[in-house]
Every structure is written in structure tokens, then in C-alpha cells.
Amino acid sequence: MEITTAKYLISNIDVKACPKPDKPEYAFIGRSNVGKSSLINMLTRNAKLAKTSGSPGKTQLINHFLINNAFYIVDLPGYGFAKRSKVQREEWEKMIDAYLKERTNLVTVFVLVDSRHSPQNLDLAFLRKLGEWGVPFNIAFTKADKITQREAAKNKSLFVNAMKKEWEYIPRTFMTSAEKFHGRNDMLGYIGELNEE
Ligand code: GDP
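In this numbering scheme, every chain counts its residues from 1 along its sequence in written order. The predicted nature of this model means local features are confined to residues of pLDDT at least 70 and side-chain atom pairs, given and counted, to a pLDDT of 80 or more, with totals for whole chains, interfaces and linings taken over all residues.

### Observations concerning the environment of Phe-71
Rules: Under the DSSP-based scheme used, a helix requires at least four consecutive residues in state H or I and a strand at least two consecutive residues in state E, with every element numbered from the N terminus. Contacts here follow a simple rule: the backbone-placed C-beta atoms of the two residues must lie within 7 Å.
Relative to the helices and strands, Phe-71 resides in strand 4 (residues 71-75). Each C-alpha atom of the pair Phe-71 and Asn-138 lies 18 Å from the other, and the pair is 67 residues apart in sequence. Aside from chain neighbours lying at most four places away, what touches Phe-71 is Lys-23, Pro-24, Glu-25, Tyr-26 and Asn-195.

### With respect to the nonpolar core
Inclusion rule: Definition of nonpolar core: a set of buried Ala, Val, Leu, Ile, Met, Phe, Trp, Tyr and Cys residues joined via C-beta atoms within 7 Å. Each residue is classed by its C-beta neighbour count within 10 Å, where at least 20 other C-beta atoms makes it buried, 12 or fewer makes it exposed, and intermediate counts make it partly exposed; the C-beta atoms are placed from backbone geometry.
Phe-28, Val-111 and Leu-112 are the most contacted members of the largest nonpolar core, which has 42 residues in total. Top element by residues in this core is strand 5 (residues 106-114). It accounts for 5 residues. In this view, Phe-28 contacts Lys-36, Leu-39, Ile-40, Ile-73, Val-74, Asp-75, Leu-76, Phe-110 and Leu-112; residues no more than four positions away in its chain are not counted.

### Points about the sheet that holds strand 6 (residues 137-142)
Condition: Here, any two strands with at least 2 DSSP bridges between them count as paired. For helices, the axis comes from a line fit to the C-alpha atoms of the stretch in contact; other axes are also lines fit to C-alpha atoms, and the angle between any two N-to-C directions lies between 0 and 180 degrees.
Across the sheet, which stays open at both edges, the 7 strands sit in the order 1-3-4-2-5-6-7 with mixed pairing between neighbours. The open sheet is flanked by strand 1 (6-12) and strand 7 (173-175), the only strands paired with a single partner. This sheet shows a mean twist of 25 degrees between the axes of neighbouring strands, independent of strand direction. As paired strands, strand 3 (residues 62-67) and strand 4 are joined by 5 bridges and run antiparallel to one another. For Asn-63, the partnering residue across the bridge sits in strand 4 and is Asp-75. The sheet strands contacting helix 3 (residues 121-133) are strand 5 and strand 6, and the helix crosses strand 5 at an angle near 170 degrees.

### Topic: the confidence of the model for the protein
Keep this limit in mind: For every residue, the pLDDT score states the predictor's confidence, bounded by 0 at the bottom and 100 at the top.
In this model, the protein carries an average pLDDT of 93, and 96% of its residues clear a pLDDT of 70 or more. Confidence metrics for the complex model read pTM 0.95 and ipTM 0.99.

### Things to note about helix 1 (residues 36-44)
Among the 9 residues of helix 1, 8 are classified as buried, and the element is accordingly described as predominantly covered. Buried residues of helix 1: Lys-36, Ser-37, Leu-39, Ile-40, Asn-41, Met-42, Leu-43 and Thr-44, and no others. One or two residues past the end of helix 1 sits Arg-45, with phi positive at roughly 50 degrees.

In C-alpha cells form, the structure reads like this:
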């Protein structure tokens, strides 16, 4: 699968205002600053599509992009931004909860995990929520160029092992670098497969 066109459509607070759920949809989420915007820009080969910013936690909206006039990529606001107030965190939770439960065309959520770190409770807790809500997901490890292949592989297997303590099924995983365009073919190939189902 190749991305030929990528167009920004709309940003919403309310899932009800999102585009009609008439095309398959792939959502991206992760801890603030995990490299989500960079990854979306890498996949679409559009350096400016999703905003990358030095200040984490800025995007608080559900952002829809139309890809190849055939499916949506959705940039969801990240979690775990320390400077957010309790009220802001509750608003985030309400919005994400509604989005994940109500978006009927959602095929899978790409959960982004920083490949430089050992397993983080915040990420594991988010996966638990997806499990409770019955939302399909897979995992994309980010920023792999920042460490050695060996370290990235080690952190990935630590994460998978942490998951195995509570999950029977381990989903697809991707090792990625937005900087080096690594993981792009794998991720697009996977989206292509799912689109055909
Ligand atoms: P977001 O908040 O999750 O959308 O994260 P961004 O995409 O804005 O990235 C956060 C920071 O990490 C930025 O300074 C990016 O340049 C950097 N970054 C993101 N992805 C990569 C990557 O694959 N490799 C490297 N070296 N830096 C990255």
C-alpha cells in the first residue's frame, strides 16, 4: 500500500462532530511527546500534516486526515502530560473514551510506545483500558534511531513480557523511526491488509 494523497479534514472535541464513519479509520495515540506527529508525517510523507512541536500536550483534539480518499488517519491527543490539570485529564479521558467506544468505523488503534524506555505503567494502563473497551490495537515503538538496535529489541521484549502477564494475545508490533523512515512499509502494509478485509 502506498499513500498518494493525505489531506487534513477537521479537528473536533466531540466525537459526534467527526466525519461520517463511512470509511475505515486508523487512530494513533501515545504518551505526549512519544513522536506521534512525526510518525504520521513520516507515513504520509508530509512533513507538515500533523503538527510536531517541542512543547508536549498541545494537541487536545481529535484530528482527522483523509488518506487516498479511501480511509482516515486520526491523530488523538496524547496522555501523560504532567502539566495538565486534573480537570484537563478528566476531559481527555471523557473525549477518548467516547471516541473509542462510539467510532464504529475504527479498525485499530496504533498505540505508540517510546522504544528508549523500559515498560511504563502509563502505557500498560492505557492498553488495559482498550482491553476493557474491546478496542483492537497494535503497538508501534518509536524513535528507534535514538538507541542501538539491540537496546530497542530489548525494550520491546521487556514490554511484550510485561504485557504477557495480563494479556493472552500479543498484538502486532512495529519498530519505527520517523527520522529514518523505518517501519513505514510494515505499517502501511498492515493498514493495506486490514483495508482489504
Ligand atoms: P508527539 O507529541 O507525540 O506528536 O511527538 P512529536 O512528533 O512532536 O515528537 C516529539 C519530539 O521527538 C520532536 O522533537 C521530534 O523531532 C522527536 N522525534 C519524533 N520522532 C522521532 C524519531 O523517530 N527519531 C528521532 N531522533 N526523533 C524523533
